[in-house]
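Per-entry structural report
In case you want the letters, here they are:
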Amino acid sequence: MRVAILSSIAWRTPPRQYGPWEQVASYLTEGLVEKGVDVTLFATTDSVTTAKLEGTSHAPYAEDRDIDPKVAECLHISHLMENASQFDLIHNHFDFLPLTYSKLIRTPMLTTIHGFSSTKILDVYRKYNGSCFYASISNADRSDELDYIATVYNGVDGKDFPFERNPQDYLLFFGRIHSEKGTLEAIQIARESGKVLLIAGLIQDDAYFEQKIKPCIDERSVFYIGNVGPSERKTLLGKALALLHPIQFDEPFGLSVAESMFCGTPVIAFNRGSMCELIVDGKTGFLVHTIGEAVQAVKRVAQLDRQECRQWAKAMFSKEKMVDNYMKVYEKILRR
């Protein structure tokens, strides 16, 4: 089986720091190679992989402001499509734009929909609904207007997130610094709980950070660590008493939630989007609806079994399970 994995080029694959789509594409690529699949990864040319690597962009456009994103994306996608006949299947992790090539090639294309950035992009997905294959990353993130061949949860490499039995007494917010991710709500929960809060992640909304978050950072009870890389991430997640995930939108998946549970760290999340699929309420964390409920959950979080968090994450969100499930999807597509 010859598979082309089309990754995003906003960040390197795998990302140096932030880049969930690129991280999932990397885990899948490496897992497929381990299975003996002939894989070619289409990503930035500075990407790191054991698969064959193809690319047209020397660096991620989010890291090099001299790169025009639209130009880089057009060259990147067209490079794969012009070589589509070399592959039995294309697995698209690049959102909706590659779908516009699908009727110009004969190679079947599977698109993992990593969420809908806008309802407007549904127009593209609807147009190619009958000619392409779609996989969702959670049941919660499915559109009633589209057909799906499977739901495949994102996978995490457990070796990257070792189990930590003995946490420290701090709470962690890990994710994009943006109002929809609930950074300010996490600060409020920590303050009302009397706990130190560490904040780590990419500042995606500068105005939100400057006006709402920065004034709260006092270097005594609220700290901003920055946009951290893999080694810092596993330590921050593993040593936390709990991960706070008070999202203000219906999140499609939430990779940090799975990563946290792999470390044994329970998650306190607002019950929106896919959270009820990721978290076992009262076992691997708590699903709440308000800041007050979250504060009460903080009081109970030490009672949870961190080993149970790890076991749940391994059973549901391992890299190996993701790879196996996508292999089944590939075989189903190629039998048609």
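Note: the structure precedes this text.
Residues numbered from 1 in each chain as written. Predicted model: local features only at pLDDT ≥ 70, side-chain atom pairs only at ≥ 80, totals over all residues. Heavy atoms only, no water.

**What to know about the overall build of the protein chain**
- Within the protein chain, the secondary structure is distributed over 11 helices and 13 strands.
- Whereas a compact globule of 336 residues would reach a radius of gyration of roughly 20 Å, the protein chain reaches 20 Å, a difference of no more than 12%.
- Expressed as lengths along the three principal axes of its C-alpha atoms, the size of the protein chain is roughly 60 × 40 × 35 Å.
- Here the protein chain, with 336 residues, has 58% of them falling under the buried criterion.
- Taking contacts inside the protein chain between residues at least 6 apart in sequence as the whole, the part at least 24 apart equals 64%.
- Of the accessible surface of the protein chain, which amounts to about 14300 Å², a share of 48% is contributed by carbon and sulfur atoms.
- Side chains of the protein chain give 38 positive and 43 negative charges; the mean places of these two sets differ by 4 Å. (Helix = DSSP H or I, 4+ residues; strand = E, 2+ residues; numbered from the N terminus. Rg over C-alpha atoms; globule rule 2.2 N^0.38 Å. Buried < 20%, exposed > 50% of the residue type's maximum accessible area, 1.4 Å probe, protein only. Contact = heavy atoms within 4.5 Å. Areas by Shrake-Rupley, 256 points an atom, 1.4 Å probe, with all protein chains shown as cover. Lys, Arg positive; Asp, Glu negative; His and termini not counted. Charge placed at Lys NZ, Arg CZ, Asp CG, Glu CD.)

**Observations regarding the side chain of arginine 306**
- As for its placement among the helices and strands, arginine 306 is situated in helix H10 (residues 306-317).
- Although buried, arginine 306 forms no salt bridge, and the nearest oppositely charged side chain, glutamate 164, lies 6.3 Å from it.
- For arginine 306, the side chain forms a polar contact with the main-chain oxygen of glycine 238, separated by 2.9 Å.
- Among all residues touching arginine 306, those that are not within four sequence positions of it are Phe163, Glu164, Arg165, Pro167, Gly238, Ala240, Leu241, Cys263, Gly264, Thr265 and Pro266. (Salt bridge = Lys/Arg side-chain N within 4 Å of Asp/Glu carboxyl O. Polar contact = N/O pair within 3.5 Å; in protein donor to acceptor, adjacent residues only side chain to side chain.)

**Quick look at the nonpolar core**
- Ranked by internal contacts, the top residues of the largest apolar core, which has 86 residues, are Ile5, Leu32, Leu110, Leu172, Leu197, Ile268 and Tyr330.
- Top contributing element to this core by residue count: helix H11 (residues 319-334), with 7 residues.
- Setting aside residues up to four positions removed in sequence, leucine 197 forms contacts with Leu171, Leu172, Phe173, Ala186, Ile187, Ala190, Ser221, Val222, Phe223 and Leu244.
- With 32 residues, the next largest nonpolar core counts Phe42, Val124, Cys132 and Leu146 among its residues. (Core = buried A, V, L, I, M, F, W, Y, C linked by side-chain atoms within 4.5 Å.)

**Structural notes on the packing of aromatic side chains**
- Following the criterion strictly, the structure yields 10 aromatic pairs and no others.
- Ring geometry for tyrosine 153 versus phenylalanine 317: centroids 5.5 Å apart, planes at 70°, classification edge-to-face. Of this pair, tyrosine 153 sits in the loop between strand S7 (150-151) and strand S8 (170-174) while phenylalanine 317 sits in helix H10; the two residues are 164 residues apart in sequence, bridging distant segments of the chain.
- Centre to centre, the rings of tryptophan 312 and phenylalanine 317 are 6.2 Å apart; their planes meet at 80°, and the pair counts as edge-to-face.
- In this structure an aromatic cluster arises from ring pairing among Tyr153, Phe253, Trp312 and Phe317. (Phe/Tyr/Trp six-rings, centres within 6.5 Å; stacked < 30°, edge-to-face > 60°.)

**Considering the pairing of strand S9 (residues 196-200)**
- Buried residues dominate S9, accounting for 4 of its 5 residues.
- Across 5 bridges, the pairing between S8 and S9 is parallel. Bridge pairing links phenylalanine 173 to isoleucine 199 in S9.
- The β-α-β motif built from S8, the intervening helix H4 (residues 183-193) and the parallel element S9 has right-handed crossover chirality.
- Bridge count between S9 and strand S10 (residues 222-226): 4 bridges; the pairing is parallel. Opposite leucine 198, over in S10, you have phenylalanine 223 as the bridge partner.
- Between the parallel pair S9 and S10, the chain is carried across by helix H5 (residues 206-213), and the sense of this crossover is right-handed. (Pairing = 2+ DSSP bridges. Right-handed = clockwise from strand over helix to strand, strands pointing away.)

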